[in-house]
Number of protein chains: 2
Amino acid sequence: MTRTTLLDAAHEAAAASTATRVAVSTVIFSLRRSPDGRASVVLPLVTRTRDPHQGQWALPGGWLDITESLDAAAARTLAETTGLAPSYLEQLYAFGAVDRSPTRVISIVYWALVREDESRSASPDHDQENVAWFDASALPALAFDHNEIVEYALWRLRNKVGYSRVAHGLLADEFTLAELREVYEAILGRRLDPANFRRQVENAGNLVPTDSFRTGSHRPARLYRYNQDAELAERGPLTVRQ
Amino acid sequence: MTRTTLLDAAHEAAAASTATRVAVSTVIFSLRRSPDGRASVVLPLVTRTRDPHQGQWALPGGWLDITESLDAAAARTLAETTGLAPSYLEQLYAFGAVDRSPTRVISIVYWALVREDESRSASPDHDQENVAWFDASALPALAFDHNEIVEYALWRLRNKVGYSRVAHGLLADEFTLAELREVYEAILGRRLDPANFRRQVENAGNLVPTDSFRTGSHRPARLYRYNQDAELAERGPLTVRQ
């Protein structure tokens, strides 16, 4: 090794220890139905393969590439973890407490919704060896401040389901009112009265009834879809731009 | 200059050109009354004293210090610009488009509300030479992507005034319903019917009537204050933590 190369290495090490680095992580929510038929909110976690926190579960993510936008980095880490494109992807928050990592790391965190059927379809060229899905209400101790991040993402999800069409990201394009209520119940963590729920969503005027019905073991139930025009307006001026 | 110092300088220059850097900027909203008595939303801008965009107006901000949390950096740049502590300060969004600056810069943007009387009181030890307040609806062409950032902050403000107590950040602790309506009118950019407005805010149940009245040229008007308990619950798990 020449003297210059040694100096290079020394300088790189020094720069790495004093610089602020930017990571992007994603909280990916989906639904799972337990054997008793009740739905709950789940999210995928990955095992850390090196220090700090080697062997612990953590949110999927990675370093921001210098040629990559924040949105692109979030979509990339999401695809690498689940092999899926999300039905909903939005920036959540930038976490930057000084002591959240041994070196200074700012994590730009996104949150995403993936439909249940999509989250179950395994991608053939996708290695899921160190990925597992966890019930959001029963997480182990995660690496870094990731438990706090998930807690905040759940708070945002619960809040947002009240005044927006965010539940759409967990449903098929057409759904029954019972299926929509199930999503709300899973997110809010409590049972809702079916008659009250039907009245409220019908009054909100965001749903469009279709001419189709879900048939099966119960009596046929009408299928609805969300009003797409209202949904596009909702995310504001950042929807298309970044 | 020794050979080692030269190498240091070269390495630092190389590191600066390839690294991602983190800046913190703040959109600070307040109200100003024009001579005709109508209120409008205003914000302070600073002249850039060096390239890129030297001489153009920009949002107040600066580089994140490695020992400083994001919230602390936002509060610091806000104090340096206006000499004030804000009545409301919240993270807005992380802007990270690859081409938003000649080098790669991620800007974590905060938004703040400052009460009108506070924003007019000049801080004696505070140099405001290159700071000026602008009407939010008539901004010049700003440096970087700062026009887009202000547009997004205004969208968030308009949205948030509908479902939260955010107007409080622009009002004194006690206020009349006419003063509250003025804040809504300035934010939404349109006149509101006084009788409808009174009915809506009374039904929302967030206001506590006091035993005091505002007297003057008009007939006495009752003073109200916001319900503090409800306000604390609103900002969720991040209120205290970071």
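Residues numbered from 1 in each chain as written. Chains lettered and ligands numbered in written order. Predicted model: local features only at pLDDT ≥ 70, side-chain atom pairs only at ≥ 80, totals over all residues. Heavy atoms only, no water.

### Some details on the packing of aromatic side chains
Here is the rule: Two aromatic rings from Phe, Tyr or Trp, using only the six-membered ring of Trp, form a pair when their centres are within 6.5 Å; if the ring planes differ by under 30 degrees the pair is stacked, by over 60 it is edge-to-face, and anything between is tilted. By the criteria applied, helices consist of DSSP H or I runs no shorter than four residues and strands consist of E runs no shorter than two, each listed in order from the N terminus. Exposure is judged per residue with a 1.4 Å probe applied to protein chains only, and the accessible area is read against the type maximum: over 50% gives exposed, under 20% gives buried, and values in between give partly exposed.
Evaluated as defined, the whole model comprises 16 aromatic pairs over all chains. Both rings, one in A:Tyr184 and one in A:Phe197, keep their centres 5.3 Å apart while their planes meet at 65 degrees; by these two values the pair is edge-to-face. Of the two residues, A:Tyr184 sits in helix α5 (residues 177–188) while A:Phe197 sits in helix α6 (residues 194–204), which places them 13 residues apart along the sequence. Classification of A:Tyr184 as buried rests on a relative accessible area of 14%. Accessibility expressed as a relative area gives 6% for A:Phe197, which makes it buried. Centroid distance B:Phe95 to B:Tyr152: 6.3 Å. Interplanar angle 75 degrees. Geometry classified as edge-to-face. Here B:Phe95, found in strand β5 (residues 88–95), pairs with B:Tyr152, found in helix α4 (residues 146–163); they are 57 residues apart in sequence, far enough to count as distant. For B:Phe95, a relative accessible area of 0% translates into the label buried.

### Structural notes on the environment of A:Arg181
Residues and elements named next belong to chain A. Our working definition: Whether two residues touch is decided by their heavy atoms; if any such pair falls within 4.5 Å, the residues are in contact.
One can find Arg 181 in helix α5. For Arg 181, a relative accessible area of 18% puts it in the buried group. Spatially, the C-alpha atom of Arg 181 lies 7.6 Å from that of Pro 194, the residues being 13 residues apart in sequence. Not counting chain neighbours up to four residues away, the residues in contact with Arg 181 comprise Leu 192, Pro 194 and Phe 197.

### Notes on unusual backbone geometry
What is expected of a backbone is that most residues other than glycine have negative phi and most peptide bonds are trans. Of the consecutive residues A:Asp51 and A:Pro52, the connecting peptide bond is found in the cis state with omega at -5 degrees. Relative to the elements of secondary structure, A:Pro52 occurs in the loop between β2 (39–47) and β3 (57–58). The phi dihedral of B:His53 is positive, around 70 degrees, even though this residue is not glycine. With respect to the secondary-structure elements, B:His53 resides in the loop between β2 (39–47) and β3 (57–58). With a relative accessible area of 30%, B:His53 lands in the partly exposed category.

### Regarding the confidence of the model for chain A
Stated precisely, the cut-off is as follows: pLDDT: the predictor's confidence for each residue, scored from 0 to 100.
Summing up the model confidence of chain A, the mean pLDDT is 84 and the portion of residues at 70 or higher is 82%. Here residues 13–17 of chain A is a poorly scored stretch, pLDDT under 50, and it has zero contacts once near neighbours within four places are set aside; other chains count.

### Considering the packing of α5(A) against α6(A)
In a pair of packed helices, the angle between the axes and the distance between the axes together describe the arrangement. Residue and element names in this part refer to chain A. Our working rule: Under this scheme, a helix contributes an axis fitted over its contacting stretch, all axes are lines through C-alpha atoms, and angles between N-to-C directions fall in the 0 to 180 degree range. Angles below 35 degrees are treated as roughly parallel, those above 145 as roughly antiparallel, those between 65 and 115 as roughly perpendicular, and all remaining angles as oblique. The nonpolar class holds Ala, Val, Leu, Ile, Met, Phe, Trp, Tyr, Cys and Pro. Asp, Glu, Lys and Arg form the charged class, and all remaining residues, Gly among them, are polar.
Contact geometry for α5 and α6: axes closest at 11 Å, N-to-C directions at 100 degrees. Classified by the angle their axes make, α5 and α6 are roughly perpendicular. Between α5, through Leu 177, Leu 180, Arg 181 and Tyr 184, and α6, the contact on the second element is made entirely by Pro 194, Phe 197, Arg 198, Val 201 and Glu 202. Residues that form the contact of α5 with α6 fall into these classes: six nonpolar, no polar and three charged.

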